[in-house]
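Now for the letters of each chain:
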Amino acid sequence: MAIDRIEATRDDGIADLVSPRAPQPVREAVTAGFVALVDCAPLIVARDKGFAESEGLDLTLVRETSWANIRDRIFLGHFDAAQMLAPMTIAATLGLGLPAAAVVVPQVLDLNGNAIAVTTAVKDAMRRTGDAGDLDRPAAAGAALNRVVAARREVGEPPLTFGMTYPFSSHNYELRYWLASAGIDPERDVRLMVVPPPMMAATMSAGHIDGYCVGAPWPTVSVAAGIGHVVATSVALKPGSMEKVLGVRKLWADRHPERLDALVRAVTAACAWCDDAANRPELAHLLAQPGILDVSADLILAALSGRILTDPGVAAEPVANYLRFSGRNRPSLAGARWYAAEMVRWGQAAKLAAVLDATEATFRPDLYDRALGLAAPASADRPVTLFDGVSFDAGNPAAYLKQIGMAG
Amino acid sequence: MVDTRLTILLIDENPVRSAILEDGLREAGYTNIVHLDTTHELLRRVFSVDPDVILIDLANPSRDVLEQMFQVSRTVKRPVAVFVDQSDTAMIEAAVDAGVSAYIVDGLKKERIKPILDMTISRFNAFDRLSRELEQARSELAERKVIERAKGILMKSRGIGEEEAFVLLRKTAMNEKKKLAEIAQSVVTAAQLLG
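Remember, it's a predicted structure, so these values are computed and weren't measured experimentally.

**Q** How do you make sense of the overall build of chain A when you look at a structure like this?
**A** Along its length, chain A carries 19 helices and 16 strands. The C-alpha radius of gyration computed for chain A amounts to 21 Å, which stays within 12% of the reference 22 Å derived for 408 residues, consistent with globular compactness. When the backbone C-alpha atoms are referred to their principal axes, chain A occupies close to 80 × 45 × 40 Å. Expressed as a percentage of its 408 residues, the buried residues of chain A come to 58%. Contacts spanning at least 24 positions in sequence make up 76% of the contacts within chain A whose residues lie at least 6 apart. For chain A, the accessible area works out to roughly 15200 Å², and carbon and sulfur atoms hold 53% of it. Computed over 38 positive and 45 negative side-chain charges, the separation of the two mean positions in chain A equals 2 Å.

Quick look at the structure:
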């Protein structure tokens, strides 16, 4: 009832404005939610650099403090669209995080951008395990961490605690995959807890977590503060991983196909603008504002340029494709199915078939093609490959679950 | 229909608002109320309190921490649902508009939770109104102070009386279509710049 009322009021307002006596073009209203992470950039740029306006949209952006708020406001119709974690859209459609809010994903906002970091004490312990190999490689770092975990268990020390951002997040699955690949059981050998990204560095410096997986710019923030060491980036763990997506309320998408198409065109153009190196300093300043990220423009610029601090006092290393906004904005069903398989792997959902159905209903490359007037590509989706050599066959997720040691 | 045995956990970093709500709940007969004003080790504390109802303010980023309770996990004793009745969109909307979210643990009936939610929503709304009125009173006081200072500056520099100074400020404000306080502020700023 309430939802209908909101939309009806909006439509009425627009009908009034497009009377014959008002010849000037009327911009159609779209409200979208975002959170304080670097990858809210495409939405901010769509609004502030005129991309929404040139598509005839009046884009209103609202900052939220939690993913739960984003989901609830999509459910209530307060937001038509939002920056969302790719896996959270599947969970929202399934009703895994209540309330169930049917969402469609017409486009991807960015790829990668996350990093796993540990405290100085853990990094030192990893170095001391000897034969650590090159700790810059995720597999070697994982093996070293496994030895640290085993040594702690032997002397009866409490398990290490890792922070991540949300149960249905790339961060949760990337962290779990990395731990499990090294032989560390994420449920038994360590503790995982949700920590809101802006609190990650403070929670680590207060000694409540020993490591975390979080998105830009927050890993660099704790390294710059001298307390964290990056041990793996998501681009090394799972190159080309869909990170945040544009999640759209399904009711709204069905009711306003033209506005949806305009929004996808505006945000896709904004993504291309964000990836242009010449625009990065301006983008960093846009995002640094108090109402958006409220952190130093220098740190944001470093994240945008892929200059990643790994250890305090050590010069930043350039990481290719650390965070990308453009080039792969068409939703990837293969990538989405990997998230679906991980949800089943970690017991968040029981039936693989049901999760795959929800994934299909949520990830809509056809909407991307429609908005941009593209024909569906002839070639299949890019395969998902992991750092440890495992390849995810999107056509057969059950086989993947067997391969990683889980009876389908 | 008030079930006073329910344990209510209130997570709110705002001491005034949480006191207002706690008072209301106690007056209504609820005695088992636990208030957390910090979200440090939140999940562990939630489990040790073992509440029937959890109320958390929406601006609190730790909502995402609570969402971890939805997960199939060994640490959770009882299942958790958000808002008793998902079909009751009006109730959810009223709560979100008031700036609060409710988690109801393990199959509590709607009739038992409704008085708690109604109370929470009305107290959160009352607090919001109070804060806005306070903010307005503060800014009015600040405006009055700046107007007094501007009058003093004009009286001294132009050798005029208080009444005349005030008329001058008001006339300028009207001519420039600005607020009296804005004109007064520019007088004060100019005086500071010119020494």
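Past the structure itself, the notes keep going.
**Q** I'm lost on the packing of helix 4 (residues 67–76) of chain A against helix 4 (residues 89–98) of chain B in this one. Help?
**A** As a packed pair, helix 4 of chain A and helix 4 of chain B sit with axes 11 Å apart at the nearest point and diverge in direction by 130°. As summarised for this structure, helix 4 of chain A and helix 4 of chain B are arranged oblique, according to the angle between their axes. When you trace helix 4 of chain A past helix 4 of chain B, the crossing you get is left-handed. Contacts between helix 4 of chain A and helix 4 of chain B involve R73(A), F75(A) and L76(A) on the former and, on the latter, T89(B), I92(B), E93(B) and V96(B). A class-by-class count of the residues in the contact of helix 4 of chain A with helix 4 of chain B yields four nonpolar, one polar and two charged.

**Q** Looking at this structure, how should I read the environment of A121(A)?
**A** Residues and elements named next belong to chain A. Summarising the element assignment, A121 is placed in helix 6 (residues 120–128). Among the residues examined, A121 registers a relative accessible area of 55% and is labelled exposed. In sequence terms A121 and H229 are 108 residues apart; their C-alpha atoms lie 9.8 Å from each other.

**Q** So what exactly am I meant to see when it comes to the sheet that holds strand 2 (residues 57–63) of chain A here?
**A** To summarise the sheet geometry, strands pair through backbone hydrogen bonds and adopt either a parallel or an antiparallel arrangement. Residue and element names in this part refer to chain A. Reading across from one edge, 2-1-3-11-4 is the order of the five strands in this open sheet, with mixed pairing throughout. One side of each edge strand has no neighbouring strand; the edge strands of this open sheet are strand 2 and strand 4 (103–108). Sheet twist, expressed as the mean angle between neighbouring strand axes with direction ignored, is 30°. Where strand 3 (residues 81–85) meets strand 11 (residues 244–249), five bridges bridge the pair, whose relative direction is antiparallel. Of the residues in strand 11, the one forming a bridge with A81 is V248.

**Q** Looking at this structure, I do not really get the packing of helix 6 of chain A against helix 7 (residues 138–154) of chain A. What am I missing?
**A** For any two helices packed against each other, the geometry comes down to the angle between their axes and how far apart the axes lie. Residue and element names in this part refer to chain A. Where helix 6 contacts helix 7, the two axes come as close as 8 Å, and the packing angle between them is 100°. Compared by their axis directions, helix 6 and helix 7 come out roughly perpendicular. Across from V122, A125 and M126 in helix 6, the residues of helix 7 making contact are A141, A144, L145 and V148. Residues of the contact of helix 6 with helix 7, tallied by class, amount to seven nonpolar, no polar and no charged.

**Q** Whenever I open this one, the confidence of the model for chain B confuses me. Can you help?
**A** Low pLDDT marks stretches whose predicted atomic positions should not be read closely. Here chain B averages 85 in pLDDT, and 88% of its residues register 70 or above. Both scores are given for the predicted complex: the pTM is 0.84, the ipTM 0.83.

**Q** Would you explain the domain arrangement of chain A in this entry?
**A** A common measure of how large an interface is: the accessible area buried when the components associate. Residue and element names in this part refer to chain A. Segmentation of chain A into domains returns domain 1 (28–111 + 243–295 + 326–382) and domain 2 (114–237). For domain 1 versus domain 2, the separation of C-alpha centres amounts to 28 Å. With 23 residues of domain 1 at the interface, the matching set in domain 2 holds 21 residues. Around 1800 Å² of area is buried between domain 1 and domain 2 when both sides are counted, 69% of it from carbon and sulfur atoms. Applying the counting criterion to the domain 1 and domain 2 interface returns zero salt bridges. For the side of domain 1 that touches domain 2, the secondary-structure elements that each account for two or more residues are helix 4, helix 5 (86–94) and helix 16 (333–345). Class assignment for the residues of the side of domain 1 that touches domain 2 results in 16 nonpolar, two polar and five charged.

**Q** Would you take a moment to explain helix 4 of chain B for this structure?
**A** Side chains of residues three or four places apart in an α-helix project in the same direction, reflecting 3.6 residues per turn. Residue and element names in this part refer to chain B. Within helix 4, seven of the 10 residues are buried, which leaves the element mostly enclosed by the surrounding structure. Taken as a whole, helix 4 has its buried residues at T89, M91, I92, E93, A95, V96 and A98. Downstream of helix 4 by a residue or two, G99 has a phi angle that is positive, lying close to 90°.

**Q** In this structure, what is going on with the nonpolar core? I would like to understand it.
**A** Across soluble globular proteins, nonpolar side chains show a tendency to be buried alongside one another. Grouped together as the largest cluster of nonpolar side chains are 117 residues, with contacts concentrated most on V38(A), L263(A), L287(A), I300(A), W338(A) and F363(A). Shared between two domains, this core holds at least three residues of each, these being domain 1 (28–111 + 243–295 + 326–382) and domain 2 (114–237) of chain A. Not counting chain neighbours up to four residues away, the residues in contact with W338(A) comprise Y173(A), Y177(A), K238(A), V384(A), L386(A), F392(A) and Y400(A). Within the second largest apolar cluster, 41 residues are counted, among which are V148(A), V149(A), L160(A) and I54(B).

**Q** Mind showing me how you'd approach helix 5 of chain A here?
**A** Counting buried positions over the nine residues of helix 5 of chain A gives seven, a clear majority of the element. Among the residues trailing helix 5 of chain A, G95(A) stands out with phi positive, at a value near 80°.

**Q** Explain the pairing of strand 10 (residues 228–233) of chain A here, please?
**A** Residue and element names in this part refer to chain A. Counting buried residues along strand 10, six of its six residues qualify, which places the element largely inside the surrounding structure. Bridge analysis of strand 6 (residues 114–119) against strand 10 gives five bridges, and the strand direction is antiparallel. Within strand 10, the position partnered with T119 by the bridge is G228.

**Q** I'm lost on the pairing of strand 11 of chain A in this one. Help?
**A** If a strand is regular, its side chains alternate between the two faces of the sheet. Residue and element names in this part refer to chain A. Most of strand 11 sits out of view: six of its six residues are buried. Bridge analysis of strand 4 against strand 11 gives four bridges, and the strand direction is antiparallel. Looking at the pairing, V104 lines up with V248 of strand 11.

**Q** How should I be thinking about the side chain of T161(A) in this particular structure?
**A** Relative to the helices and strands, T161(A) resides in strand 7 (residues 161–164). Those residues in contact with T161(A), other than ones at most four positions away along the chain, are R191(A), M193(A), H208(A), I209(A), D210(A) and G211(A).

**Q** Looking at this model, I keep getting lost on the state of the cysteines. Mind explaining?
**A** In protein structure, a disulfide is the covalent linkage between the sulfur atoms of two cysteines. A full pass over the atoms with the stated rule returns zero disulfides over all chains. With no disulfide of its own, C213(A) lies closest to C40(A) among cysteine sulfurs, the gap being 18 Å.

Calculation rules
Residues numbered from 1 in each chain as written. Chains lettered and ligands numbered in written order. Predicted model: local features only at pLDDT ≥ 70, side-chain atom pairs only at ≥ 80, totals over all residues. Heavy atoms only, no water. Helix = DSSP H or I, 4+ residues; strand = E, 2+ residues; numbered from the N terminus. Rg over C-alpha atoms; globule rule 2.2 N^0.38 Å. Buried < 20%, exposed > 50% of the residue type's maximum accessible area, 1.4 Å probe, protein only. Contact = heavy atoms within 4.5 Å. Areas by Shrake-Rupley, 256 points an atom, 1.4 Å probe, with all protein chains shown as cover. Lys, Arg positive; Asp, Glu negative; His and termini not counted. Charge placed at Lys NZ, Arg CZ, Asp CG, Glu CD. Axes fitted to C-alpha atoms, helices over the stretch in contact; angles between N-to-C directions. Parallel < 35°, antiparallel > 145°, perpendicular 65-115°, else oblique. Left-handed = near helix turned anticlockwise from the far one by under 90°. Nonpolar A, V, L, I, M, F, W, Y, C, P; charged D, E, K, R; others polar. Pairing = 2+ DSSP bridges. pLDDT = per-residue confidence, 0-100. Domains from an automatic or database assignment. Buried area = accessible area lost by both parts, 1.4 Å probe. Salt bridge = Lys/Arg side-chain N within 4 Å of Asp/Glu carboxyl O. Core = buried A, V, L, I, M, F, W, Y, C linked by side-chain atoms within 4.5 Å. Disulfide = S-S within 2.5 Å.

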